[in-house]
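# Summary of the model geometry
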Amino acid sequence: MRVPGLGRLFRWRYARPVLQAPLLILSVVMILHGLLGPSLAPKNLATSLTWVHFRGVLVLVLLGAGNFFCLACPFMLVRQAARWNFQPRWSWPRALRNKWLSVALFAGILYIYELFDLWSSPWWTAWLIVAYFLTVLVVDGFFKHASFCKFVCPIGQFNFVASTLSPFEVKVRDQGVCTSCHTKDCIRGRREPVSDLVVIRGCELALFQPSKVGNMDCTFCLDCVHACPHDNVGILSRLPGSELLSDSLRSGIGYFSRRKDLTALALVFTFGALLNAFGMVSPVYAVENWLGKMMHVKHEAPVLGVIFAFFLVVEPVLLLGLAGWLTRVWGRVQRGFLPVVVRYSYGLVPLGFGMWLAHYSFHFLTGLYTVIPVTQSALVGLGWPVLGQPRWRLTGLPPNLVLMIEIGFLALGLTGSLAVTYGLAEEDSREKPIRVFVPWATVCVLLWTATMWLMFQPMEMRAVLISG
């Protein structure tokens, strides 16, 4: 916030809509091109921008900076425009004030992605974007605050978990200033002295800055920055992953060790990365054919259901169950079995993020320049060839170089998970942390080995046109 130019931009009240507007325009372009443009995925902006460029940029920004996509989210710009004419009256149902719905939607989108081959269908991709806009309008049109962001949005949940590994977070600079503050504007909003009308809203995600810890549930909207009358909230650097080691009381979240829904989200994030990578290699077709014959079915839906159940339910239960049992028996940890599994599951998040980085960077970097000919083609189709004829030979970086980058991301993820799990083991057993550490390190190495094997399998260049 103190960087010249950049800090001034973020302090500006209208910075967020200014950042959101270009992405909104781009979203509309993607929808129109997806519905009306060419049906071949590598030549359509909807599929190439969504499944190649957006995902790659997203994970790299999360790794290098933080949850800045949520800051510039175009869905929220549409929601805010709708709220000028229609104010929501209801509070989000108490029974749904957790992550279970968003976990189900997260897994559901992964399932739909594979079932309908979204990477190869501009039409379905366009309708997915439309469905997102409509869902935002319905949820936040009826329910107050940022209910969609906190309890529904699958992309937001992905960003929340991944941003626990980011080097920056929105936090207070001086706790002493907050202690002497009586207005609590960062959570209540800044109000008119006479009418008590909110002129600058506070945090809609119920994160009270003095007791906020880390990036979970933080959209980087910077409402707290604008509302704070003492300029005591900023975007500050921190050790990536440090919040995974902390089990202090967190505003708007509570204790990580007591949030089974957050544990489920972390596990779907991690094992979903392995599942999503498995879906892009050739062996998946052999597995699907074998399962189809075993189940005597010809439709892909039940076969995919079995694969998803194995990756997201059976595999985590077996691996984490065994590791939790060994932690209590061999490591002599006194806590209950389920609390142990819940606490150490967060240690898998860095490895999961490494998998997503490796997977998405593969598509992004091997198709890095494809946005140029796809844009040229779209303009030519409109009869406006200002950028010239499409240069379809433009693709991306050499596969061998990309493979080295993928391996680096996986190594980074494994290192992070080993560091977090060892830190947790030291908290549980200062005398012999190695006994607690070994079971969870073994789980990390097994998952890392499986992902490394996947990296060397024949892969589909989804939504990328290979030059001949």
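Residues numbered from 1 in each chain as written. Predicted model: local features only at pLDDT ≥ 70, side-chain atom pairs only at ≥ 80, totals over all residues. Heavy atoms only, no water.

Attention now goes to the confidence of the model for the protein chain. For the protein chain, per-residue confidence averages 93 on the pLDDT scale, and residues scoring 70 or more make up 97% of the total. Note that pLDDT drops below 50 for residues 461-468; the model gives that stretch 30 contacts with residues more than four away or on any other chain. (pLDDT = per-residue confidence, 0-100. Contact = heavy atoms within 4.5 Å.)

Next up on the list: the packing of helix H3 (residues 45-64) against helix H9 (residues 154-162). Taken N-terminus to C-terminus, the directions of H3 and H9 make an angle of 35 degrees; their axes are 10 Å apart at the nearest point. Crossing of H3 against H9: the hand is right-handed. Residues Leu58, Val59 and Leu62 of H3 form the contact with H9, whose participating residues are Phe158, Asn159 and Ala162. Of the residues assigned to the contact of H3 with H9, the class counts are 5 nonpolar, 1 polar and no charged. (Axes fitted to C-alpha atoms, helices over the stretch in contact; angles between N-to-C directions. Helix = DSSP H or I, 4+ residues; strand = E, 2+ residues; numbered from the N terminus. Left-handed = near helix turned anticlockwise from the far one by under 90°. Nonpolar A, V, L, I, M, F, W, Y, C, P; charged D, E, K, R; others polar.)

Turning next to the layout of surface pockets. One number sums up the size of the largest pocket: a volume of about 1,300 Å³. Contributing to the lining of the largest pocket are 44 residues, with Arg79, Arg83, Arg201, Glu204 and Asp223 lying nearest its centre. Listed by contribution, the elements that provide at least two residues to the lining of the largest pocket are helix H2 (15-36), helix H5 (74-83), helix H8 (147-152), helix H11 (185-188), strand E3 (198-200) and helix H12 (223-227). When residues in the lining of the largest pocket are grouped by element, the largest group, 6 residues, is from H5. Roughly 870 Å³ of volume is contained in the second largest pocket. Forming the walls of the second largest pocket are 33 residues, and the residues nearest its centre are Thr50, Phe54, Leu58, Phe69 and Ile155. Taken together, the elements giving at least two residues each to the lining of the second largest pocket come down to H2, H3, helix H4 (68-71), H5, helix H6 (100-115), helix H7 (122-142), H9 and helix H18 (349-366). (1 Å grid on protein atoms, 1.4 Å probe; cavity = no way out; pocket = protein on both sides within 12 Å on 5 of 7 lines; lining within 4 Å. Points joined across faces, edges and corners; volume = space filled by probe spheres on them.)

What follows deals with H2. Taking 1.5 Å of rise per residue, the 22 residues of H2 would be expected to cover 32 Å, and the 33 Å separating its terminal C-alpha atoms lies within 8% of that figure. At Ala21, H2 shows its largest kink, close to 25 degrees, and the proline Pro22 lies no more than four residues downstream. Within H2 the residues assigned to the buried category are Ala15, Arg16, Gln20, Ser27, Met30, Ile31, His33 and Gly34. If you follow the buried residues of H2, they end up packed against helix H1 (6-11), H3, H4, H5, H7 and helix H19 (371-381). (Expected span 1.5 Å × (residues − 1). Bend = angle between axes of the 7 residues up to and from the residue. Buried < 20%, exposed > 50% of the residue type's maximum accessible area, 1.4 Å probe, protein only.)

Right, let's talk about the environment of Phe362 for a bit. Residue placement: Phe362 occurs in helix H18. You can call Phe362 buried: its relative accessible area is 9%. Once the C-alpha coordinates of Phe362 and Val402 are considered, the two residues, 40 residues apart in sequence, prove to be 6.2 Å apart.

Using the criterion set out here, one finds 15 salt bridges in the structure. As a salt-bridge pair, Arg79 and Glu204 come within 3.1 Å of each other at their nearest N and O atoms. Taken together, the residues span a long stretch of sequence, with Arg79 in helix H5 and Glu204 in the loop between E3 and H12 at a distance of 125 residues. Accessibility classification places Arg79 together with Glu204 in one group, the buried group. Each member of the salt-bridge network shares a partner with another, and the members are Arg79, Arg83, Asp140, Arg201, Glu204 and Asp223. (Salt bridge = Lys/Arg side-chain N within 4 Å of Asp/Glu carboxyl O.)

Here we come to the packing of H18 against helix H20 (residues 399-428). Orientation of H18 relative to H20, taken along the N-to-C sense of each, is 170 degrees, at an axis distance of 7 Å. If you check the angle between H18 and H20, you find them roughly antiparallel. In this structure, H18 meets H20 at a crossing whose hand is right-handed. Between H18, through Val349, Pro350, Leu351, Gly354, Met355, Leu357, Ala358, Ser361, Phe362, Leu365 and Thr366, and H20, the contact on the second element is made entirely by Val402, Ile405, Glu406, Phe409, Leu410, Gly413, Leu414, Gly416, Ser417 and Val420. Within the contact of H18 with H20, the residues separate by chemical class into 14 nonpolar, 6 polar and 1 charged. (Parallel < 35°, antiparallel > 145°, perpendicular 65-115°, else oblique.)

What follows deals with the side chain of Asp261. Checked against the element boundaries, Asp261 lands in helix H14 (residues 260-278). Not counting residues within four places of it along the chain, the set of residues in contact with Asp261 comprises Asn98, Lys99, Trp100 and Val103.

The next thing to look at is the packing of aromatic side chains. The geometry of an aromatic ring pair is captured by two quantities: the separation of the ring centres and the angle between the planes. What the rule picks out here adds up to 29 aromatic pairs. Ring geometry for Trp123 and Trp124: centres 5.2 Å apart, planes at 85 degrees, overall edge-to-face. Of the residues examined, Trp123 reaches a relative accessible area of 43% and is grouped as partly exposed. Judged by relative accessible area, which is 39%, Trp124 ranks as partly exposed. Chaining the aromatic ring pairs together yields one cluster made of Phe86, Trp90, Trp92, Phe142, Phe143 and Phe151. For Lys43, the ring lying beneath its charged end belongs to Trp392, and the centroid distance is 4.9 Å. The lysine or arginine in question, Arg250, covers the ring of Phe256, its NZ or CZ lying 3.7 Å from the ring centre. (Phe/Tyr/Trp six-rings, centres within 6.5 Å; stacked < 30°, edge-to-face > 60°. Lys NZ or Arg CZ within 6 Å of the ring centre and 35° of its normal.)

Turning our eyes to something else, we now look at the environment of Phe308. Along the polypeptide, Phe308 turns up in helix H16 (residues 300-329). For Phe308, a relative accessible area of 8% translates into the label buried. Taking the C-alpha atoms as reference points, Phe308 and Leu6, 302 residues apart in sequence, are found 43 Å from one another. Excluding residues that lie within four positions of it along the chain, Phe308 makes contacts with Ala107, Leu110, Tyr111, Glu114, Leu275 and Val313.

Take unusual backbone geometry next. The phi dihedral of Ala206 falls on the positive side, at around 60 degrees, and the residue is not glycine. Along the polypeptide, Ala206 turns up in the loop between E3 and H12. According to the relative accessible area criterion, Ala206 is partly exposed, its value standing at 40%. Phi at Leu222 takes a positive value of approximately 65 degrees, unusual for a residue other than glycine. Along the chain, Leu222 falls in the loop between E3 and H12.

As for its placement among the helices and strands, Ser27 is situated in helix H2. Side-chain polar atoms of Ser27 contact the backbone oxygen of Leu23, separated by 2.8 Å. With residues up to four places along the chain from it excluded, the contact list for Ser27 reads Pro74 and Phe133. (Polar contact = N/O pair within 3.5 Å; in protein donor to acceptor, adjacent residues only side chain to side chain.)

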